[in-house]
Amino acid sequence: MVERRKTYKEKPVMLVALGGNALIRKGQKGSIEEQFRNLRVPLSQVARLSRDYRIILTHGNGPQVGNLLLQQECCDALPRLPLEILVAQTQGQIGYMIESTLDSELMKLGNGTVPYIVTVLTYVVVDENDPAFRNPSKPIGPAFSEEAAARLPYRTVRTEKGYRRVVASPRPVTIVEKREIRRLVELGFLVISCGGGGIPVIRESRTFHGVDAVIDKDLASARLAGEVGVDVFVIATDVPGVALNYGYPDQTFLRSITVEEAVERLKKHEFPDGSMGPKVEAAVQFLEEGGRRAVIASIEEVEEAAAGRAGTEFISGRVRG
Ligand code: ADP
Ligand code: MG
């Protein structure tokens, strides 16, 4: 007997956060052709998963926004664009690339109900009193020599590569478009949102204004997942999951970790700030706020992770329904 396909209202909602390597792999220059080709790896899987789940996609924008920042330095004849505008640009460009690739992957699958795809420009509210603003720590964009950096109109820090612009990375407070995104998901749309962690904005009475900051895309994704009421949260990256003793000869990737253990290890700063730390924190936060499943997995194994056969599954201490 042929099993009846679920109507979209019966399907659980899955948020897949795509890491930087969904677009640019290590060692690549990141031409547009390469980025389109790389996207097929996760998106062919997302296309198949969309038969069983309603899907929200989020994504990073590090290299893309870095390139746009570099372009700002290349021409003195035009005004330099602020970071908020560049983040908005990357939401558009990457949204377009994901939409068109996903569309062709869905077409390949043929019959069945194909979800409509939509990219939502996303603002994310941050708190102007967030301590991150007093202590900007996130290096972004190109590296400069010490002399060139001294002439730049913004703060820089010394890094291994040279002097780089440094901005604050405040915590996401709320996703401005959460109601629109929730409604679109209810209507059966596959939504791409929160690109690059979202456009950081500060609320000023009845208006928002953009700020020079970047929000971690995994923390923004967890916020969105909680606010939209997602069932399954998959963080797709360039390693098979969370490892203990990462980078040492005895490194071991975990098939599962309890929220309790993850919190303990976060407290001991076992996972680095700019990479695995926010992912573990995002997974923990999602489950603590009532999410059902959170998995950190490789971009190559999104489907296997969804099936519970790959990645690091976070086990909540709560009684699970
Ligand atoms: P993404 O673009 O997917 O957000 P990141 O580079 O920010 O990717 O984070 C993934 C990286 O985290 C891996 O490539 C790995 O080098 C690093 N990492 C640091 N600590 C760990 C750990 N304990 N387990 C797994 N990966 C780790
Ligand atoms: Mg990252």
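Everything numeric here is computed off the predicted structure, so don't read it as measured data.

### Quick word on the pairing of strand E10 (residues 199-204)
The side chains of a regular strand alternate, first on one face of the sheet and then on the other.
Then step 1. Bridging between strand E4 (residues 123-125) and E10 involves 3 bridges; their strand directions are parallel. Bridge pairing in E10 places Val124 opposite Pro200.
Then step 2. Linking two consecutive strands that pair antiparallel, namely E10 and strand E11 (residues 207-210), is a turn of 2 residues; a positive phi of about 45° is found at Ser205 within it.

### Looking at the environment of Ile235
Then step 1. Tracing the backbone through its elements, the reader meets Ile235 in strand E12 (residues 232-237).
Then step 2. Spatially, the C-alpha atoms of Ile235 and Asp218 are 7.5 Å apart, while their sequence positions differ by 17 residues.
Then step 3. With residues up to four places along the chain from it excluded, the contact list for Ile235 reads Ala17, Asp218, Lys279, Ala282, Val295, Ile296 and Ala297.

### What about the packing of helix H7 (residues 259-267) against helix H8 (residues 276-288)?
Then step 1. Contact geometry for H7 and H8: axes closest at 10 Å, N-to-C directions at 140°. Here H8 runs oblique to H7, going by the angle between their axes. Here H7 and H8 pass one another in a crossing that is left-handed. Touching Val259, Ala262, Val263 and Leu266 of H7 are Gly277, Val280, Glu281, Val284, Leu287 and Glu288, all from H8.
Then step 2. Here the residues of the contact of H7 with H8 are counted per class, giving 7 nonpolar, 1 polar and 2 charged.

How each quantity is defined
Residues numbered from 1 in each chain as written. Chains lettered and ligands numbered in written order. Predicted model: local features only at pLDDT ≥ 70, side-chain atom pairs only at ≥ 80, totals over all residues. Heavy atoms only, no water. Pairing = 2+ DSSP bridges. Helix = DSSP H or I, 4+ residues; strand = E, 2+ residues; numbered from the N terminus. Contact = heavy atoms within 4.5 Å. Axes fitted to C-alpha atoms, helices over the stretch in contact; angles between N-to-C directions. Parallel < 35°, antiparallel > 145°, perpendicular 65-115°, else oblique. Left-handed = near helix turned anticlockwise from the far one by under 90°. Nonpolar A, V, L, I, M, F, W, Y, C, P; charged D, E, K, R; others polar.

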